[in-house]
Structure formats: structure tokens, C-alpha cells
Amino acid sequence: MRQQIIVVDDDEKITSLLRRSLAFEGYEVTTANNGSEGLKLMLMSEPDLLVLDVMMPQIDGWEVCRRVREGGSSVPILMLTAKDDVRDRVRGLDLGADDYLVKPFALEELLARVRALLRRKPDKLEENGNRLLYEDLLLDIDSREAIRAGRRIDLTAKEFDLLHLFMQNPRRVLTRDSIMDKIWGFDYSGESNVLEVYIAMLRQKTEEGGEKRLIQTVRGTGYVLRGEGG
């Protein structure tokens, strides 16, 4: 399966150039001309790489990057900008970008950075086929169940989706709004405590054998998957 790249830039010449060049290199490329379209594409798929311009109409690249990270995605992000300023680079990295390239750029350098980002292996989880492992908690993607201390944990569809999100983002604090958006959708209008109810059910199931708590509450913000004190 070809690796998927989303390119978001309001300059049609650049999006056209990158679409052709990246496709020639064997990637599957989707483009958007503004931040709003880029976010919609991110919601419809989980690409292998996001190439993101900073200065765009409607929603700029900074905000897109922030929302992508708050939404729980760990997709590598390469930011493009015409501003060669240390403060801008630092801002992008602080928001969660992985690399930064100043316009105008040499196509060969961009392709090299794309290859480098795609080669990086995530250090936030151990992955074995269709299984995710964090400490002693194993999530089996195929069977949609968790395994802890040798016992199998049956999960409802929403419990699985919620735990899957945490397992994909260990030690990353996920805001309450970002979790709601990712699991229940932007237009969810159900009971306000639905997330807290599911968190309580997940804790009960994963701690049933007396194991330590892994889903921690971050007061005033949201939740994080990490060991106590970790």
C-alpha cells in the first residue's frame, strides 16, 4: 500500500508541483488549498505525512497543526513558510510540527525531508502487527479486546475506540474536547458526562485484577495514558 501524504497550501503552483513530484516518487497525494479543507481531509483519513503551509486563508497552518495534535493525531508534520525566523520555527515545533522548511525550497531537499520523516518510527508505543502495547496493557486490533495480566477484557465499540485513542498517544495529554471530537464527532450533543462515564468503565475493566491505574485525569484539561508518576 502506498504511503499517503496530504499537502495543504493556498499556492496552487506549489500544490500542483508537490502533487506531481510526490506522486512520481510513489506516494498517494491529496491536496487542499486552505486550512479548513486540510482539516476535513485529516478527519476523513489518517495520512502518513502532512505537508502544511503556514500562511493560509480561513485557518492558518499554526492553527491546523494545533488542532491536529489536540485531536490526538501523531502524523508527522512538515511545515512550509516564507518566514525564515527562529521564533516562527520554534512556534511550529512547540505546536507539534516535526520539521520546518523555508520557501523557496529546493524540491530535492523537500523530498529528502519527506523520506526522513516517513522513516521515523514512533517511539511512543510498541507495535507488533495489529497489536499495541503499553506497559502491561495489550490492545488487539483484530479481536477488538484488551489483554492485561493474562486476562482478556471484552470492550464495547466505544470503549475500544477510546482505549485505542489512548494507546496511540501514550503520555500525551488529550483534552476533553479533542477526545469528544475524535470519538463522538464534532456534532455530538449527548449527555455532557458521557466521556467521564466511559472513562470510569474503562478503568473498572482494566483495573479489575488489582492492576495499577493507567488512564490518569489531568485536572482542568483532560486525560492521559501513563503510569502513576510516569
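As recorded in an unreviewed UniProt entry, the chain goes by Transcriptional regulator and comes from Paenibacillus beijingensis.

Caption draft 1: A look at unusual backbone geometry. At the junction of Lys103 and Pro104, the peptide bond is cis and its omega measures out at -10° in the coordinates. Its location among the elements puts Pro104 in the loop between β5 (99-102) and α5 (107-119). Positive phi is not limited to glycine here, since Gln58 has a value of about 70°. Turning to its location among the elements, Gln58 is positioned in the loop between β3 (49-53) and α3 (61-70).

Caption draft 2: Main features of the domain arrangement of the chain. According to the domain assignment, the chain consists of domain 1 (4-118) and domain 2 (131-225). Placing a centre on the C-alpha atoms of domain 1 and another on those of domain 2 gives a separation of 29 Å. Between domain 1 and domain 2, roughly 600 Å² of surface is buried when both sides are summed, and carbon and sulfur atoms account for 48% of that area. The largest contributions to the domain 1 side of the interface with domain 2 come from Glu70, Gly71 and Gly72, which together make up 55% of the buried area. Joining domain 1 to domain 2, the criterion identifies 0 residue pairs in polar contact (both at pLDDT 80 or more). The residue makeup of the side of domain 1 that touches domain 2, split by class, is 1 nonpolar, 4 polar and 3 charged.

Caption draft 3: Looking closely at the sheet that holds β3. Strand order in the open sheet made by the 5 strands is β2-β1-β3-β4-β5, with parallel pairing throughout. Strand pairing shows two members of the sheet lacking a second neighbour, β2 (28-32) and β5, which therefore form its edges. For this sheet, the mean inter-axis angle between neighbouring strands, taken without regard to orientation, is 20°. Both strand β4 (residues 77-81) and β5 contribute to a ladder of 4 bridges, which runs parallel. Bridging from a neighbouring strand, Thr81 pairs with Val102 of β5. Its contacts with the sheet place helix α2 (residues 35-44) against β1 (4-8), β2 and β3, and it is angled at close to 140° to β2.

Quick notes on the rules
- Residues numbered from 1 in each chain as written.
- Predicted model: local features only at pLDDT ≥ 70, side-chain atom pairs only at ≥ 80, totals over all residues.
- Heavy atoms only, no water.
- Helix = DSSP H or I, 4+ residues; strand = E, 2+ residues; numbered from the N terminus.
- Domains from an automatic or database assignment.
- Buried area = accessible area lost by both parts, 1.4 Å probe.
- Polar contact = N/O pair within 3.5 Å; in protein donor to acceptor, adjacent residues only side chain to side chain.
- Nonpolar A, V, L, I, M, F, W, Y, C, P; charged D, E, K, R; others polar.
- Pairing = 2+ DSSP bridges.
- Axes fitted to C-alpha atoms, helices over the stretch in contact; angles between N-to-C directions.
- Contact = heavy atoms within 4.5 Å.

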